Amino acid sequence: MVSNPVHRLPFLPGTSFKDSTKTAFHRSQTLSYKNGYAVVRRPTVGIGGERLQVNQLSQAELDELANKAPILTYGQPKQAPPAEFIPAHVAFDKKVLKFDAYFQEDVPMSTEEHYRIRQVNIYYYLEDDSMSVMEPVVENSGIPQGKLIKRQRLTKNDQGDHYHWKDLNRGINLTIYGRTFRVVDCDRFTQVFLESQGIELNPPEKMALDPYTELRKQPLRKYVTPSDFDQLKQFLTFDKQVLRFYAIWDDTDSMFGECRTYIIHYYLMDDTVEIREVHERNNGRDPFPLLMNRQRMPKVLVKNAKNFPQCVLEISDQEVLEWYTAKDFIVGKLTILGRTFFIYDCDPFTRQYYKEKFGISDLPRIDVSKEPPPVKQELPPYNGFGLIEDSVQNCFVLIPKAPKKDVIKMLVNDNKVLRYLAALESPIPEDKDRRFVFSYFLASDMISIFEPPVRNSGIIGGKYLGRTKVAKPSSTAEDPIYYGPTDFFIGAVIEVFGHRFIILDTDDYVLKYMENNAAQYSPEALLSIRNRIQKQEAPAPELENKQTREDPPGVQELEALIDTIQKQLKDHPCKDNIHEAFQIYDQEASGFVDKERFFKICDSLNLPIDDSLIKEQALSP
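None of these values were measured; they are calculated from a predicted model.

Cut-offs used in this document
- Residues numbered from 1 in each chain as written.
- Predicted model: local features only at pLDDT ≥ 70, side-chain atom pairs only at ≥ 80, totals over all residues.
- Heavy atoms only, no water.
- Pairing = 2+ DSSP bridges.
- Helix = DSSP H or I, 4+ residues; strand = E, 2+ residues; numbered from the N terminus.
- Axes fitted to C-alpha atoms, helices over the stretch in contact; angles between N-to-C directions.
- Core = buried A, V, L, I, M, F, W, Y, C linked by side-chain atoms within 4.5 Å.
- Buried < 20%, exposed > 50% of the residue type's maximum accessible area, 1.4 Å probe, protein only.
- Contact = heavy atoms within 4.5 Å.
- Patch = residues over 30% accessible without salt bridge, like charges linked within 9 Å, V, L, I, M, F, W, Y side chains within 5 Å.
- Areas by Shrake-Rupley, 256 points an atom, 1.4 Å probe, with all protein chains shown as cover.
- Salt bridge = Lys/Arg side-chain N within 4 Å of Asp/Glu carboxyl O.
- Polar contact = N/O pair within 3.5 Å; in protein donor to acceptor, adjacent residues only side chain to side chain.
- Arc of directions from axis to C-beta.

**A short note on the sheet that holds strand β17 (residues 417-425)**
Here is step 1 of the chain: Spatially, β20-β19-β18-β17-β22-β21 is the arrangement adopted by the six strands of the open sheet, whose pairing is antiparallel. Strands with a single pairing partner mark the edges of an open sheet, and in this sheet they are β20 (462-468) and β21 (493-496). For this sheet, the mean angle separating the axes of adjacent strands, direction not counted, is 30°.

**Examining the nonpolar core**
Here is step 1 of the chain: Counting 28 residues, the largest nonpolar core has Y420, F438, I447, I449, F488, V496 and F501 as the members making the most contacts within it.
Here is step 2 of the chain: Elements that contribute at least two residues to this core include exactly β17, β18 (435-441), β19 (446-451), β21, β22 (499-506), α10 (508-516) and α11 (523-536).
Here is step 3 of the chain: Discounting chain neighbours no more than four positions away, the residues touching I447 are F438, S439, Y440, L465, G466, R467, T468, V470, Y483 and F488.
Here is step 4 of the chain: Counting 24 residues, the second largest nonpolar core, distinct from the first, contains L126, Y163, V183 and C186.

**Regarding a nonpolar patch on the surface**
Here is step 1 of the chain: Taken together, the side chains of L31, Y33, V40 and F85 present a nonpolar region at the surface, about 460 Å² in accessible area.
Here is step 2 of the chain: On the secondary structure map, Y33 appears in strand β1 (residues 31-34).
Here is step 3 of the chain: A relative accessible area of 55% places Y33 in the exposed class.

**Here we look at the environment of E105**
Here is step 1 of the chain: Topologically, E105 is positioned in strand β3 (residues 96-106).
Here is step 2 of the chain: Exposure remark for E105: the relative accessible area of 23% places this residue in the partly exposed category.
Here is step 3 of the chain: If sequence neighbours within four positions are ignored, E105 has contacts with Y115, R116 and R118.
Here is step 4 of the chain: For E105, the side chain forms a polar contact with the side chain of R118, separated by 3.1 Å.

**Let's talk about helix α4 (residues 188-196)**
Here is step 1 of the chain: Every buried residue belonging to α4 is among T190, Q191, F193 and L194, and all of these are buried. Seen from one end, α4 has its buried residues packed into an arc of 165°, which puts them on one side. Summarising the geometry of α4, the exposed residues directed more than 90 degrees from the buried face are R188 and S196.
Here is step 2 of the chain: Contact partners of the buried residues in α4: β3 and β8 (179-186).
Here is step 3 of the chain: G198, located one to two residues past α4, shows a positive phi value of around 85°.

Quick look at the structure:
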């Protein structure tokens, strides 16, 4: 019987003593974690910090008491402590699930196989749920093999979910990065693990095989009966004997085609053919020596060999029914590799060989030399920039040169300029009062146009056209006809780049030039100049009397008044306001106002006008 060590009394109901002043009843900690592992330790003190006796219960007795469930006395027992915690990277360390799978790959650039089967191994690492795809290396496969997808967590849908070992099974398709893998089987460890986790495995499937690889494993054995033809004898007999033919290839029917010359060599020692291109000097082509390398040329192919990639692989006797021989190379048309050649001649050795071998003694010689038809060069339309002669030089040579000039004409007519006054023929009212000065340079037959600036006209004057040659509207770009000095006279219409001008007057140098070169001008031009001279020689007094008769009464007095007012208003501070006031009353923009309005404006602006002048004008009729 267990007794109380302090009072020496047994632990029976009613005989136990408790310290009423005690307030701590905690238990010592017996479970802790160190570096992620659970560590169990025995308590050093009892409940509330009491000292434990040496003859304490053993560990087995403590475990038995801990697992004992006195339901009747103390009610429902407490929940058992959790099992020992083991991290995933420790529990599943070096545990990998392995699946056998394959995927199909298209082969678009081959005629022997349309698709290829590639076998792979899919590894699932349980410690971090990562996956990798490895392809076993096949010797002489010509395909980069090994690690197809490095170890990583792979997504299975657009929501970002990753593959889990619960998603893997036999007989399913896995889509990884757009490539579909067919899982056919797994190893023994994978099967035991998945079955222990309650996953029902599908039956295993047979691994698909690559048809091209299987075809290469079983080569077809062919037995060829040796022929009676001795190739060594042919080599020794016809060594260094070559038939030479001269041929042309006419490709003028196609765009940018031409007729080109070739030399065809037929080697008698091994029945091979070589085609060389004849290069001419400055023909614009690279001096490449051979059009076709020396090889045997097929004449008739097998029906099934029409799609054979001839430009990639060499043709053997299995794809050819008949080869080209020396008898096929005679004067006439010959088709080699889809290109039709016309043989028009051969050398003397070839003629002698055909005469002795085939009995053909009269091989014809055809003359194929012909002069090309003259090609008329068409010039593009003139774009309006620069001179036509300068633009045409770009069509004749690669590096254009400036057209030749008449040096003698430039020296004789240096600094000789004919000037004319012209008006613009336009339906726009603002263009009726515009005047232009035409300058014709006799040294270069060029024309320049200058518009004298007019104050308050709203048009900016200055250079209207730079010095250039102007072609007539009726001329063409191939044969331009430029304006000459004989085309300029009073009343003539000159069209410059779509604008029509009428010649109104000339200077004195033009009159002198026309007088010295009267034979070059038309009668109409001479008549216009004669009329102008007659107007200049008219008497001046008659003009003055005529002007006096035409003037209305009071004009001279009005002009005197205007001069006096201008002198008085020269230094007036409100000149701009005066100009605006007269424009307001002059609604018709005629440039004149009534006498009453004039004096009224002056009074409203307090203009200092002499009263005597105003009275004099007021009394005048």
